[in-house]
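Listed below are the residues making up each chain.
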Amino acid sequence: MTTNNLLLELGTEELPPKSLRTLAQSLHDSFVKQLKDQNLHFESSKWYATPRRLALFITALEEKQQDKEIEIKGPAVKAAFDANGNPTKAALGWASANGIKIEEAQRLTTPKGEWLYIKTTKKGANTVELVPELFKTALKSLPIPRLMHWGDKREEFVRPVHTLCMLFGDNLIPGSILGVESSKEINGHRFLGSQKVVIKSADTYVEQLRTEGRVVADYEERKASIIKQVTDIANSVNGKADLDDSLVEEVTSIVEEPHIFKASFEERFLKVPAEALVYTMKGDQKYFPIYDMNNKLLPSFAFASNINPEDPTSLISGNERVVRPRLSDAEFFFQTDRKNNLESYFKKLENIVYQKDIGTLAFRSDCVEELAKYIANEINADATKAARAAHLAKCDLATTMVTEFTDTQGIMGMHYAELDNEDKDVSDAIFEQYLPRFAGDIIPTKPVQISVSLAEKIITLVGIFGINMLPKGDKDPFGLRRAAIGLIRILIENNISINFYKLIDKACSILEAKLKSKETKENVINFVYNRLKAYYQDQGIEASIFLAVLSTNPQDILDFDNRVKAVKQFKSLPEAENLASAYKRINNILSKADKFDTNINESLLKEEAEVKLFNVLKTVDVKVSKLYSESNYTEALSALSELKDPVDNFFENVMVNAEEANIKNNRLALLNNLHEIIAKTADISVLY
């Protein structure tokens, strides 16, 4: 079938930069799905996006749908003809609607009766007839939280729409979308090159935009160019740039032809903690900070521009002028804060409400301090340092710097503590209380820092659950999900063995006067274990493995993790499925049995199979019990594989429910013993 390349471009006012990639990818995915649903085949697809356009390019798209043979079922024969054999109105109407005479209908015999039906060929539609509606549908499906309309138009979109270009090869596809007619004329760059570009064909789109319109349509190409230019500038001052991906993405979404320049600021600003300067450079101005090879901030930065003047002097000085007041603000806030030491701000926390039902930040800090000391003692950390860090942890929230630059909380507290000559573990813990801040972020790894971070997260969970403010849907204002995942990662990745239930008990006792819910402990544990389930799912560990371990109710999250890894390995053994099946059978037998003596009387073992099982069981029990006491669950479960053949042989040759009561009870005792050995690590019956 004949094919051609398809170009679709929607030209707009500047699109939201933080959403540009998502909008472009969503548009692509929706349109491509529709092509597949319409059985329109193509070789490849690609999206383009700049601040003022969303575009799609489909390679070797079929010019029309394939013709399709279809069967159309009509009324039942008994309803299609009357007693005299004449067609009824229903039959005649069906035949007319399908363009045939009633005598041309075929008969279809089914178990439910005989029906009229026809076979016909549905002609495939031309691609150019389908594309406008498909594109319109894809645009409507974009994840846009808030639409707008412009001028006197009734149509709505995320930004005003000015141009629409739909080309199939070099032929314009007519149509109107969002109140704009399709045309070969699109917008070029606002300031460089031709502001209007007439696209000759789909194939020339990218190059014409580049050469005539001075627009780099390819998002990834623009991004790569920005990274290279910024890196070259950093190299020119023997430094390395902060190429934070979210910043690079945002800048890529702001410029249509990126040009990067170097600017500088006065060295006196470097007396301010670097994070405050970086916060304003990146967050407010979208500049790229530059560091020396020792990660010390340099008084230089790179910035992107949508223009490229022959003499960039005024452009550079203009950007230096813009950033200077923000750096001066940071300098002023820092100098104001340093008139007092960090601890002096604790008194201000007594007037800052954390949550109305819980109390002030000062009260909450006291709770974290008490729990941090408890945890420190449990994990052999320095309890005095942990308490000191917890006491100072929220003090920076009352400083001028953090009030103005909220993202620097924890960071400024760390720096101010260092300037006050606090112990390094104490100052580091003030920052690390917030770790991990996002998926994949680092976690605390030293005992004092771990103690404070765990205490911070547990007090948050217990406090908020205790006043019945559970997260709902995607609403989680206190970051409870992040707190739960954080404490899971801290415990597992640092190999910390501690009774999690007792930690929650301790937190509940600390916050007892504030708790409204009697189920606080249970709710927090269930919430954390649900996050633990998600944690394993992200690692590709099946839910059945998680449930197998959960059934044994481990109260130590590290112990839980060791069991999960052991069960995962056990499930890969060839004996695992048969042993799990036997374990299910044992569960069923024991659940139906009346009370019996659980001690095995060796003299009552008569059958060879039960004697053999008993002997193997004694050997395995000693081995498994030793491994279990060492928390070596992997080897313990592996040792259970020795039971497969004796267990299979037992069930094949021994009648458990023997007529003699003493024999029956003895065999039940044997199975009970077997059950207890297998159940020590996990309930393997749920694995299959």
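We now turn to the structure provided with this report. (Residues numbered from 1 in each chain as written. Predicted model: local features only at pLDDT ≥ 70, side-chain atom pairs only at ≥ 80, totals over all residues. Heavy atoms only, no water.)

### Looking at the overall build of the protein chain
Here's step 1: Across its full length, the protein chain carries 26 helices and 18 strands.
Here's step 2: Radius of gyration (C-alpha) of the protein chain: 36 Å, far over the 26 Å computed for a compact globule of 688 residues.
Here's step 3: By its C-alpha atoms, the protein chain is 105 × 100 × 45 Å across when sized along the principal axes.
Here's step 4: For the protein chain, the proportion of its 688 residues judged to be buried stands at 50%.
Here's step 5: Once local pairs closer than 6 in sequence are excluded, the contacts in the protein chain between residues at least 24 apart make up 68%. (Helix = DSSP H or I, 4+ residues; strand = E, 2+ residues; numbered from the N terminus. Rg over C-alpha atoms; globule rule 2.2 N^0.38 Å. Buried < 20%, exposed > 50% of the residue type's maximum accessible area, 1.4 Å probe, protein only. Contact = heavy atoms within 4.5 Å.)

### Concerning the sheet that holds strand β1 (residues 3–12)
Here's step 1: The sheet built from five strands is open, its strands ordered β2-β3-β1-β7-β8 with antiparallel pairing. Two strands lie at the open edges of the sheet, namely β2 (44–50) and β8 (171–172), each paired on one side alone.
Here's step 2: Note that strand β7 (residues 161–168) and β8 share two bridges and pair antiparallel. When the sheet's bridge partners are listed, leucine 167 is paired in β8 with leucine 172.
Here's step 3: Against the sheet, helix α4 (residues 127–140) engages β1, β3 (53–62) and β7, with an angle of about 145° to β7. (Pairing = 2+ DSSP bridges. Axes fitted to C-alpha atoms, helices over the stretch in contact; angles between N-to-C directions.)

### Observations regarding the sheet that holds strand β15 (residues 288–291)
Here's step 1: In spatial order, the strands read β13-β15-β16-β14; together these four strands make up an open sheet with antiparallel pairing. For this open sheet the edge positions go to β13 (240–241) and β14 (259–264), each flanked by a neighbour on one side alone.
Here's step 2: Where β14 and strand β16 (residues 297–305) come together, six bridges link them in antiparallel fashion. Within β16, the residue paired with phenylalanine 261 across the bridge is phenylalanine 303.
Here's step 3: Those strands touched by helix α8 (residues 274–284) are β15 and β16, and its axis lies near 10° from that of β16.
Here's step 4: Sitting on the sheet, helix α9 (residues 313–337) touches β14 and β16, and the angle it makes with β16 is about 120°.

### Quick word on the environment of aspartate 645
Here's step 1: By secondary structure assignment, the location of aspartate 645 is in helix α25 (residues 644–653).
Here's step 2: Along the sequence, aspartate 645 and isoleucine 488 sit 157 residues apart, while their C-alpha atoms lie 39 Å from each other.
Here's step 3: Side-chain polar atoms of aspartate 645 contact the side chain of lysine 644, separated by 3.4 Å. (Polar contact = N/O pair within 3.5 Å; in protein donor to acceptor, adjacent residues only side chain to side chain.)

### Describing the packing of helix α22 (residues 576–592) against helix α26 (residues 661–678)
Here's step 1: Where α22 meets α26, the closest approach of the two axes is 10 Å, and the angle between their N-to-C directions is 130°. Put simply, α22 runs oblique to α26. Note on packing geometry: the crossing formed by α22 with α26 is left-handed. Seen from α22, the contacting residues are Tyr583, Ile586, Asn587, Ile589 and Leu590; seen from α26, they are Leu668, Leu671, Asn672, Leu674, His675 and Ile678. (Parallel < 35°, antiparallel > 145°, perpendicular 65-115°, else oblique. Left-handed = near helix turned anticlockwise from the far one by under 90°.)

### Points about the pattern of salt bridges
Here's step 1: According to the stated counting rule, one finds 49 salt bridges in the structure shown.
Here's step 2: Across the pair arginine 388 and glutamate 343 runs a salt bridge, and its minimum N-O distance is 3.1 Å. You can see arginine 388 sitting in helix α12 (residues 383–392) and its partner glutamate 343 sitting in the loop between α9 and α10 (346–349), a full 45 residues away along the chain.
Here's step 3: Judged by relative accessible area, which is 24%, arginine 388 ranks as partly exposed.
Here's step 4: Within the structure, one salt-bridge network assembled from shared partners comprises Arg21, Glu220, Lys223, Asp245 and Glu249. (Salt bridge = Lys/Arg side-chain N within 4 Å of Asp/Glu carboxyl O.)

### Some details on the pairing of β16
Here's step 1: With eight of nine residues buried, β16 lies mostly within the body of the structure.
Here's step 2: The pairing of β15 with β16 spans three bridges and is classified as antiparallel. By the bridge assignment for β16, proline 289 is matched with phenylalanine 301.
Here's step 3: In textbook terms, the turn of a hairpin is the stretch between consecutive antiparallel strands, and for β15 and β16 this stretch comprises five residues, one of which, asparagine 295, has a positive phi near 65°.

### Brief notes about the state of the cysteines
Here's step 1: Going through the model one piece at a time under the given rule, you end up with zero disulfides.
Here's step 2: For the unlinked cysteine cysteine 395, the closest cysteine sulfur is that of cysteine 367, found at 15 Å.
Here's step 3: With relative accessibility at 0%, the residue cysteine 395 sits in the buried group. (Disulfide = S-S within 2.5 Å.)

### Thoughts on helix α23 (residues 608–629)
Three- or four-residue spacings in an α-helix give side chains the same orientation, since the helix completes a turn every 3.6 residues.
Here's step 1: Here α23 spans 32 Å end to end across 22 residues, near enough to the 32 Å set by a 1.5 Å rise per residue.
Here's step 2: Residues Ala609, Glu610, Leu613, Phe614, Leu617, Val620, Val624 and Leu627 constitute the buried set of α23.
Here's step 3: For α23, the elements touching its buried residues are α24 (633–640), α25 and α26.
Here's step 4: Just beyond α23, the residue with positive phi is serine 631, at close to 60°. (Expected span 1.5 Å × (residues − 1).)

### Remarks on unusual backbone geometry
Here's step 1: That bond from leucine 435 to proline 436 is cis: its omega, -10°, falls within 30 degrees of zero.
Here's step 2: Structurally, proline 436 is set in the loop between α15 (424–432) and α16 (447–466).
Here's step 3: The phi dihedral of leucine 178 is positive, around 55°, even though this residue is not glycine.
Here's step 4: Position of leucine 178 among the secondary structure elements: in the loop between β9 (176–177) and β10 (180–181).

### Concerning the side chain of histidine 189
Here's step 1: Structurally, the position occupied by histidine 189 is in the loop between β11 (185–187) and β12 (196–198).
Here's step 2: Taking the relative accessible area as the measure of exposure, histidine 189 reaches 1% and is therefore buried.
Here's step 3: Within the local environment of histidine 189, its side chain forms a polar contact with the backbone nitrogen of leucine 192, the two atoms lying 3.2 Å apart.
Here's step 4: A distance of 3.0 Å separates the side chain of histidine 189 from the backbone oxygen of asparagine 306, its partner in a polar contact.
Here's step 5: Aside from chain neighbours lying at most four places away, what touches histidine 189 is Arg52, Ser194, Gln195, Gly213, Arg214, Val215, Glu256, Glu257 and Asn306.

### Some words on α16
Here's step 1: For α16, spanning 20 residues, the distance from its first C-alpha to its last is 28 Å, which sits close to the expected 28 Å at 1.5 Å a residue.
Here's step 2: Judged by how many residues are buried, α16 sits mostly within the fold: 19 of 20 residues are covered.
Here's step 3: The first or second residue beyond α16 is asparagine 468, which carries a positive phi of 65°.

### Thoughts on the side chain of aspartate 476
Here's step 1: In this fold, aspartate 476 is placed in the loop between α16 and α17 (480–493).
Here's step 2: Only 2.9 Å separates the side chain of aspartate 476 from the backbone nitrogen of arginine 481, close enough to count as a polar contact.
Here's step 3: Setting aside residues up to four positions removed in sequence, aspartate 476 forms contacts with Pro471, Arg481 and Arg482.

### Here's the deal with the packing of aromatic side chains
Here's step 1: Counted by the stated rule, this structure contains 23 aromatic pairs.
Here's step 2: Their ring planes at 65° and their centres at 6.1 Å tell us that tyrosine 48 and tyrosine 205 sit as a pair that is edge-to-face. With a gap of 157 residues between them, tyrosine 48 in strand β2 and tyrosine 205 in helix α5 (residues 205–211) connect regions that are remote in the sequence. There is no split in this pair, since tyrosine 48 and tyrosine 205 are both buried.
Here's step 3: Ring geometry for tyrosine 536 versus phenylalanine 546: centroids 6.4 Å apart, planes at 50°, classification tilted. Here tyrosine 536, found in helix α19 (residues 520–538), pairs with phenylalanine 546, found in helix α20 (residues 543–550); they are ten residues apart in sequence, far enough to count as distant. For the pair tyrosine 536 and phenylalanine 546, a shared accessibility class is recorded, and that class is buried.
Here's step 4: Taken together through their ring pairs, the aromatic side chains of Phe500, Tyr501, Tyr529, Tyr535, Tyr536, Phe546 and Phe560 make up a single cluster.
Here's step 5: Positioned above the aromatic ring of tryptophan 115 is the side chain of lysine 73, whose terminal nitrogen or guanidinium carbon lies 4.1 Å from the ring centre.
Here's step 6: Residue placement shows arginine 364 over the ring face of tyrosine 354; its charged tip is 4.6 Å from the ring centre. (Phe/Tyr/Trp six-rings, centres within 6.5 Å; stacked < 30°, edge-to-face > 60°. Lys NZ or Arg CZ within 6 Å of the ring centre and 35° of its normal.)

None of this, on its own, says anything about what the molecule does.
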